[in-house]
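What follows is each chain in one-letter form.
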Amino acid sequence: MSCVTIVYQDEMGGLQVRSKDGRRIEMNPCEGTLVVNVGDMLEAWSNGRLRSSEHRVVLKKPAYRFSLAFFRCFEDTKVVLASEEVVGEGNERVYRPFVCSDYLKFRETNEEGKFEKVGFTVKDFAGIDDISLPLQSPSSLSSLSQACKEWGFFLISDHGVSKELYNKVRSLSEYLFSLPVETKTKLGPLSSVKTYTPHCIASAFFESLRVSGPDFAASAQSSADVLFHHHNSEFSETLQEYGSKMTELSKKIVKIVLMTLGDDFENKFNDSEFNNCHGYLRINNYSPPQILEEEEEEVEGLGKHTDMSCVTIVYQDEMGGLQVRSKDGRWIEMNPCEGTLVVNVGDMLEAWSNGRLRSSEHRVVLKKPANRFSLAFFWCFEDEKVVLAPEAVVREGNERVYRPFVCSDYLKFRETNEEGKFEKVGFTVKDFAGINGR
Ligand SMILES: O=C(O)CCC(=O)C(=O)O
Ligand SMILES: [Fe+2]
């Protein structure tokens, strides 16, 4: 939490720094040298131009390790705010101004009074919830509530999608994306089927195939019929299985998310408001340039956006690169975690909850010259639904922050603006239906 820290470590070693791509790098002890690191105060004061890295100490031998850490800090009353000159013209601020002591308190008092809130990352807010449990305990409900409010993202485990099913979808999809461009284009935006989004619409490195429910098999088959020479039912059967699993899971997720908004809300509102929801799947294939010039270089596979859904369920492979934007404007890595799925709140639920649930901006960055594969399942209100937060959700004394709107109008707004770009990346439901510029 310092401006700078100076560390004297003995010969035992074990101090590790986390690299930007999430690896742990050993700071090996070196006789006669001191380790200096930038702290959070300087990171914020420099508008992120100086990096306060996560680090930790691991003990590898059954022997004492001794170190001296000296923290040079701003005074408690200091308002940390990067000067215009430091931010530089044309750059956005990535930190709001704050009083030092407030940050110290935040770190000290959160998370059950733990020591300076060790390892404060998105995952601490967005703990893994076992979806197979009825999620009744107040502690898990309150951490889910916190995750939905602060981050709009959480992880679930025990979701019932086997590794085998995922691998099957993956290998069938890999084959499909490896087909010649001319073949895939037969399903492109100018075709009658329109299930394929070619490269250079969302980004130069992104292509995707859409499979729509509730009859996922029929939708997959209509693409398969165009792509594959021989009749092949494996693709449609597999996608039917995956789509049904996601549908079931989405219904459960909506229920538990409703529980975070108020007592018995899952019974009060689930049937009346969410009964006509429908889902569609996007199979995403990211292919970065084969040479990423410098080690630090990364490219955007999918630009900053919010999802238009109520909730989205993402299965990402081991490559990583999905990043969520925190409220103070930082990009936080959603590191892949074996056996878990990423769930995020979309715009429809943000508007329906009067902003109590957050639809966060997120993006995908590609850091290695290797393909990345993901499955994103979008659970949405029906097109003709009028999205309007019920009084009980808004709660007395609060203002409405969204005007009512028809779902299809929002979808049209996102699809047709900005030179017909892919779902108008960058625009959100706030731009469309927000009241008072919110
Ligand atoms: O590929 C991913 O991990 C996320 C994709 C995504 O955000 C989307 O398709 O909306
Ligand atoms: Fe998304």
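My aim in this report is to walk through the structure given alongside it, one point at a time. Note that this is a predicted model, so its numbers are computed, not measured.

**Considerations on the overall build of the chain**
Point 1. Counting secondary structure elements, the chain contains 14 helices and 22 strands.
Point 2. Put simply, the chain has 438 residues, and 48% of those count as buried.
Point 3. Of the contacts formed within the chain by residues at least 6 apart in sequence, a portion of 74% connects residues at least 24 apart.
Point 4. Accessible area for the chain stands at about 22,400 Å²; split by element, carbon and sulfur atoms hold 52% of it.

**Describing a nonpolar patch on the surface**
Point 1. A grouping of I6, Y8, L34, V36, F66, L68 and F70 is seen on the molecular surface, where their side chains present a nonpolar patch of about 730 Å² in accessible area.
Point 2. Secondary-structure elements contributing two or more residues to the nonpolar patch are β1 (4-9) and β6 (67-72).
Point 3. Tracing the chain through its elements places I6 in strand β1.
Point 4. By relative accessible area, I6 is classed as partly exposed at 33%.

**Quick look at the nonpolar core**
A general feature of soluble globular proteins is that nonpolar side chains tend to end up buried together.
Point 1. Counting residues in each nonpolar core, the largest one holds 92 residues, and the members touching the most others are F235, I283 and W352.
Point 2. In terms of residues, this core owes the most to one element, helix α9 (residues 234-259), which gives eleven residues.
Point 3. In this structure F235 touches L172, L176, L209, A220, A224, F228 and I283, once residues within four positions along its chain are discounted.
Point 4. Counting twelve residues, the second-largest nonpolar core is a separate cluster that includes M41, F74, F98 and Y103.

**Considering the packing of aromatic side chains**
Point 1. Across all of its chains, the model carries 14 aromatic pairs by this definition.
Point 2. Here F269 and W352 contribute two aromatic rings whose centre-to-centre distance is 5.7 Å and whose plane-to-plane angle is 80°, an arrangement assigned as edge-to-face. Taken together, the residues F269 in helix α10 (residues 265-274) and W352 in helix α11 (residues 347-352) connect sequence positions 83 residues apart. Here F269 and W352 have matching classes, each one buried.
Point 3. In this structure, R210 packs its charged tip against the face of Y280, placed 3.8 Å from the ring centre.

What counts and what doesn't
Residues numbered from 1 in each chain as written. Chains lettered and ligands numbered in written order. Predicted model: local features only at pLDDT ≥ 70, side-chain atom pairs only at ≥ 80, totals over all residues. Heavy atoms only, no water. Helix = DSSP H or I, 4+ residues; strand = E, 2+ residues; numbered from the N terminus. Buried < 20%, exposed > 50% of the residue type's maximum accessible area, 1.4 Å probe, protein only. Contact = heavy atoms within 4.5 Å. Areas by Shrake-Rupley, 256 points an atom, 1.4 Å probe, with all protein chains shown as cover. Patch = residues over 30% accessible without salt bridge, like charges linked within 9 Å, V, L, I, M, F, W, Y side chains within 5 Å. Salt bridge = Lys/Arg side-chain N within 4 Å of Asp/Glu carboxyl O. Core = buried A, V, L, I, M, F, W, Y, C linked by side-chain atoms within 4.5 Å. Phe/Tyr/Trp six-rings, centres within 6.5 Å; stacked < 30°, edge-to-face > 60°. Lys NZ or Arg CZ within 6 Å of the ring centre and 35° of its normal.

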